[in-house]
Amino acid sequence: ANLVDFLENTLERKRKTLLGAPAGKTMLLFIDDINMPMLEKFGAQPPIELLRQVVDYKGFYDRKKLFWKGVQETQFIAACG
């Protein structure tokens, strides 16, 4: 499954440009085997890069309409295999 689709389907839509956990709660996402995505032609791992963007900048860009979607009240835990 696609990481952006997973985030959009898992997190509640607060506003058009804001996603987050249900009211009064914090979402905790566990990512197992974070080192699994295959390298693409140029050596990048897009799912890991997108995850880093969400953690560092608290959001990501909508792919179709090209606007920023913020992510709040979400924590990430990851494990390498």
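Please read all numbers here as calculations on a predicted model, not as lab measurements. (Residues numbered from 1 in each chain as written. Predicted model: local features only at pLDDT ≥ 70, side-chain atom pairs only at ≥ 80, totals over all residues. Heavy atoms only, no water.)

### Some details on the packing of aromatic side chains
The test is simple: Here the aromatic set is Phe, Tyr and Trp, taking the six-membered ring for Trp, and pairing holds for ring centres within 6.5 Å; pairs whose planes are under 30 degrees apart are stacked, those over 60 apart are edge-to-face, and all others are tilted. Definition used: whenever NZ (Lys) or CZ (Arg) falls within 6 Å of the ring centre and also within 35 degrees of the ring normal, the charge is taken to sit over that ring.
One pass over the full model with this rule turns up one aromatic pair. We note Lys 16 situated over the ring of Phe 67; from NZ or CZ to the ring centre the distance is 5.2 Å.

### Thoughts on the sheet that holds strand E5 (residues 68–72)
Selection rule: Two strands are counted as paired when DSSP detects at least two bridges linking them. Per the convention used, a helix needs a DSSP run of H or I reaching at least four residues, while a strand needs a run of E reaching at least two, with both numbered from the N terminus. Fitting a line to C-alpha atoms yields each axis, with helices limited to the stretch in contact; the angle taken between N-to-C directions then spans 0 to 180 degrees. By the convention used here, residues are in contact when the closest approach between their heavy atoms is within 4.5 Å.
One open sheet accounts for four strands, arranged E1-E2-E5-E4; its pairing is mixed. Strands with a single pairing partner mark the edges of an open sheet, and in this sheet they are strand E1 (12–15) and strand E4 (59–61). Adjacent strand axes in the sheet meet at a mean angle of 30° when their direction is disregarded. Where E4 meets E5, three bridges bridge the pair, whose relative direction is antiparallel. Paired with Gly 59 across the bridge in E5 is Gly 70. Helix-sheet contacts for helix H1 (residues 3–10) involve E1, strand E2 (18–20), E4 and E5, and the interaxial angle to E4 is about 120°. Taken strand by strand, helix H2 (residues 46–57) contacts E4 and E5, and its axis lies near 125° from that of E4.

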